[in-house]
Amino acid sequence: MLNDLPIRKIIHVDMDAFYASVAQLDNPELRGKAIAVGGGGARGVISAASYEARKFGIKSAMSGRLAIKLCPELIFVKTNFDRYNEISKKVRHIFHDYTDLVEPLSLDEAYLDVTANKKGNPSASLLAQEIRNRIFTEVGLTASAGISINKFIAKVASDYNKPNGQKTVNPEEVLQFLEDLDIRKFYGVGKVTAEKMYQKGIFTGQDLKGKSLDYLDDHFGKSGSYYYHVVRGIHNSDVKPNRIRKSLAAERTFSENLSSEIFMLEKLDHITEEVAKRLKKSKVSGKTITLKIKYSDFTLQTRSKTLPYFVSEKSIIFETAKDLLFQEKMSNSVRLLGISLSNLNTETSKIKVLEAKEKSVSVQLKFEF
C-alpha cells in the first residue's frame, strides 16, 4: 500500500573546511589566511585547506611541495584529531537535540532524518537553519546543509551554497533539479567515471536519464543501476544511526622510500599493531586482509586474501600481510604501506525491491516540505 511507505525529510549537514576551520578557531591569528592542514615536510600530503587557500587551487591530497608553489604565503598547521573529535561530539550532540536518526559519515558531516523530529517542526528547512545557527553560536564554526526527500539529493544540495549556506530541493523540484545537474555533481561519479560518461555524451542528469537501464548496466557495471535510479529521484537508503562499518585500516607514508623487504616487514609490524588496536576498540573482526602498496612513482597496488574465519589477532593479520608482501616481487621502491580488514562480522545485507522504491518516490514527490 502506498500509504504504508515511508515519507522522509532528510538533512545533510557538512562542516565548512572543518580541519582548517578548527585551526583558525583555536588560533585567531590564522583567520582569513591561507592555511593547509598537514602537508609539511618534503613529502607531506595536505589533509585539508582553508577557503582562502582553495582560491589558489590548493586542495586535499595535494603534495605540500606543489601547494607552496601555488601559494608561497601558505601556512602549514599540524593535524589535531583529538580536537577534531572533541568538536565533532559537540556538533553531534546538537544533532541529537532534533532527532535520534543521525548517521555520521565522518567527523565533519552527517545525515539527519527529521521527518518526525523532537521539535515537532514540520519544516526541514527551518530546522536546518536552526541547527546551523546553533553550531555557529555554541561551537564557533560554520556549516552548510542540503535538504530534500532522500540522502542522495540532500548531499548534493549541501554543496550548492557553501560555505555557510543551505539549499532545499522541494519534492516538486526534484526531477528538474536532477535533470539540470552537471554529471560531475552526482555523488558517486568520480573523475574517471565522469570522463567515461563524457565520451558517451552524458554531461547532465537529463543526458543520463535518457539512457536505458540495460545501457547503463552494460557500460558501468554494478553502478549502472544506481545511476539509473538516482537520476529519477530513487534512493531509498535509510538514515542509519548505527552505521555499519565495512572496513578498518591503517597506513603509513615513509619519510624515505623503502627498497628492503626487511625494513618493510618492520613497518608492517607497526601498522598491524595499529590495526589490531582499532579492531579491539571497535569490537569487530574480519575475514579479508588487504595489503596496500604505493610505489615511489605513485602507482598503487593492492593484494588481498580472504580467510575462512574472522580474525582480529595481530599475529594472524601480520602473517597474512607478510605472505601478501612476498606474493610477488616489488616493482619499485615503496613510499606507503597499508593494511585493511574488510568482510567484517558487522556487515548485513538487505534485499531492496525496485517496485517499492518507485512507489516511495511517487509519494515523496507529493509531500509538502
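Up top is the structure.
This report concerns the structure included in the present document.

## Observations concerning the overall build of the protein chain
The secondary structure content of the protein chain amounts to 14 helices and 12 strands. In terms of C-alpha radius of gyration, the protein chain reaches 23 Å, essentially the compact-globule figure of 21 Å for 369 residues. Based on the C-alpha atoms only, the size of the protein chain along its principal axes is roughly 65 × 55 × 45 Å. For the protein chain, buried positions account for 43% of its 369 residues. Working note: accessible area of the protein chain is about 19400 Å², and carbon and sulfur atoms make up 49% of it. Each charge sign in the protein chain was given a centre, from 57 positive and 45 negative side chains, and these centres are 3 Å apart.

## Looking at the pairing of strand 6 (residues 109-113)
The buried fraction of strand 6 amounts to five of the five residues, a majority that puts the element mostly inside the structure. Where burial is concerned, the two faces of strand 6 agree: the one with Glu109, Tyr111 and Asp113 and the one with Ala110 and Leu112 are both buried. Across five bridges, the pairing between strand 1 (residues 10-15) and strand 6 is antiparallel. Within strand 6, the position partnered with aspartate 14 by the bridge is glutamate 109. Of the strand pairs in this sheet, strand 5 (residues 102-106) and strand 6 are connected by four bridges, and their pairing is antiparallel. Following the sheet pairing, valine 102 is matched in strand 6 by leucine 112. What sits between strand 5 and strand 6 in their antiparallel hairpin is a turn of two residues.

## Digging into the sheet that holds strand 3 (residues 46-49)
Taken together, three strands build an open sheet; the order of strands is 3-2-4 and the sheet is mixed. Across the chains shown, the open sheet's two edge strands, defined by having one partner strand only, are strand 3 and strand 4 (75-77). If you compare each strand with its neighbour and ignore which way they point, the axes differ by 30 degrees on average. The pairing of strand 2 (residues 35-38) with strand 3 spans three bridges and is classified as antiparallel. For valine 37, the partnering residue across the bridge sits in strand 3 and is alanine 48.

## Quick word on the pattern of salt bridges
Overall, the coordinates contain 18 salt bridges when judged by the stated rule. A salt bridge links lysine 155 to glutamate 109; the nearest nitrogen and oxygen atoms lie 2.7 Å apart. Note that lysine 155 is positioned in helix 6 (residues 151-158) and glutamate 109 in strand 6, a separation of 46 residues in sequence. Judged on exposure class, the residue lysine 155 and its partner glutamate 109 are both buried. A salt bridge links aspartate 182 to arginine 184; the nearest nitrogen and oxygen atoms lie 2.9 Å apart. Classification of aspartate 182 as partly exposed rests on a relative accessible area of 24%. When its relative accessible area of 55% is taken as the criterion, arginine 184 is described as exposed.

Criteria and cut-off values
- Residues numbered from 1 in each chain as written.
- Predicted model: local features only at pLDDT ≥ 70, side-chain atom pairs only at ≥ 80, totals over all residues.
- Heavy atoms only, no water.
- Helix = DSSP H or I, 4+ residues; strand = E, 2+ residues; numbered from the N terminus.
- Rg over C-alpha atoms; globule rule 2.2 N^0.38 Å.
- Buried < 20%, exposed > 50% of the residue type's maximum accessible area, 1.4 Å probe, protein only.
- Areas by Shrake-Rupley, 256 points an atom, 1.4 Å probe, with all protein chains shown as cover.
- Lys, Arg positive; Asp, Glu negative; His and termini not counted.
- Charge placed at Lys NZ, Arg CZ, Asp CG, Glu CD.
- Pairing = 2+ DSSP bridges.
- Axes fitted to C-alpha atoms, helices over the stretch in contact; angles between N-to-C directions.
- Salt bridge = Lys/Arg side-chain N within 4 Å of Asp/Glu carboxyl O.

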